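Coordinate analysis (summary)
Read off the chains here:
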Amino acid sequence: SQTIHQWPATLVQPVGSPLSLECTVEGTSNPNLYWYRQAAGRGLQLLFYSVGIGQISSEVPQNLSASRPQDRQFILSSKKLLLSDSGFYLCAWSHAPNYGYTFGSGTRLTVV
Amino acid sequence: AQTVTQSQPEMSVQEAETVTLSCTYDTSENNYYLFWYKQPPSRQMILVIRQEAYKQQNATENRFSVNFQKAAKSFSLKISDSQLGDTAMYFCAFMGDNTDKLIFGTGTRLQVFP
């Protein structure tokens, strides 16, 4: 069966520090991959999505970047974190997006 | 651009009762897909139910059903026989036919009381 893993579960980072959040999918190949951010009191905002290795589409210009170095690995990064980067980050995958996504368990990022 | 609106930030219901969560959306597309996701305190997003716009029949999954009104662009979720485990944030989401990107509403926090 397919599973999706996200780590770490929680992270507290100082302003100006780098960030690397990792998401991996098991049990499938060539999935569509997505990074969402959920800010307090707001819905989920799509940040990046990828339909293949090295193929990244950015939805919102910001302080973050994404990479897909392997078929089932999706990484969210920042060179210098801002306070506004705090939030709950969710990774998701899908083979048939019209049937919905499967989400990971998320990473709670607090920038201090 | 498509938008999804959930006008009820919070709702509460007593165990075993029925509750309806509202969702409206805006699109110029004729075919699309609508979803309800549940996010319990564990924060894991779980797909509850899905509706295809070209299907007039309302989707049903056990105690969860939707009232899909295409002309009104309304997609409400009805939870029957509410259980304590239904306590969660509920997000309505939209996906156009020619895209694979989900657009979410701001969510409704549902509290089920014993």
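Our structure's up above, just so we're on the same page.
In what follows, the accompanying structure is described. (Residues numbered from 1 in each chain as written. Chains lettered and ligands numbered in written order. Predicted model: local features only at pLDDT ≥ 70, side-chain atom pairs only at ≥ 80, totals over all residues. Heavy atoms only, no water.)

Here the focus is the pattern of salt bridges. Tallied over the full model, the rule gives 6 salt bridges over all chains. With a shortest N-O distance of 3.2 Å, K101(B) and E59(A) are connected by a salt bridge. Of this pair, K101(B) sits in the loop between β10 (88–96) and β11 (103–104) while E59(A) sits in the loop between β6 (55–58) and β7 (65–70), each in a different chain. (Salt bridge = Lys/Arg side-chain N within 4 Å of Asp/Glu carboxyl O. Helix = DSSP H or I, 4+ residues; strand = E, 2+ residues; numbered from the N terminus.)

Moving on, we get to the pairing of strand β11 (residues 107–111) of chain A. Residue and element names in this part refer to chain A. By the alternation rule, side chains of β11 split into T107, L109 and V111, which are all buried, and R108 and T110, of which none is buried. Two elements, strand β2 (residues 10–13) and β11, share 4 bridges in a ladder whose sense is parallel. By the bridge assignment for β11, V12 is matched with T110. In this sheet, β11 lies alongside strand β9 (residues 87–94) in antiparallel orientation, the contact comprising 3 bridges. By the bridge assignment, G87 is partnered in β11 with L109. (Buried < 20%, exposed > 50% of the residue type's maximum accessible area, 1.4 Å probe, protein only. Pairing = 2+ DSSP bridges.)

If you walk through the whole model with that rule in mind, you get 2 disulfides over all chains. Shown here is the disulfide that connects C23(A) with C91(A), its sulfur atoms set 2.0 Å apart. Here the S-S torsion is close to -75°, and the disulfide linking C23(A) with C91(A) is therefore left-handed. Of this pair, C23(A) sits in strand β3 (residues 19–26) while C91(A) is found in strand β9, placing the two residues 68 residues apart along the sequence. A residue is classified by how much of its surface remains accessible, and C91(A), at 0% relative accessible area, is buried. Covalent S-S linkage joins C23(B) and C92(B), the inter-sulfur distance amounting to 2.0 Å. (Disulfide = S-S within 2.5 Å.)

Below, the discussion takes up the interface of chain A and chain B. Chain A puts 22 residues into the contact, and the matching count from chain B is 20 residues. In total, about 1,700 Å² of surface goes out of reach between chain A and chain B, with carbon and sulfur atoms giving 50% of it. Our count for the chain A to chain B interface comes out at 1 salt bridge. There are 13 residue pairs in polar contact (both at pLDDT 80 or more) connecting chain A and chain B. Secondary structure elements with two or more residues in the side of chain A that touches chain B: β4 (32–38), β5 (44–52) and β9 of chain A. Looking at the side of chain A that touches chain B residue by residue, the classes come out as 12 nonpolar, 7 polar and 3 charged. (Contact = heavy atoms within 4.5 Å. Buried area = accessible area lost by both parts, 1.4 Å probe. Polar contact = N/O pair within 3.5 Å; in protein donor to acceptor, adjacent residues only side chain to side chain. Nonpolar A, V, L, I, M, F, W, Y, C, P; charged D, E, K, R; others polar.)

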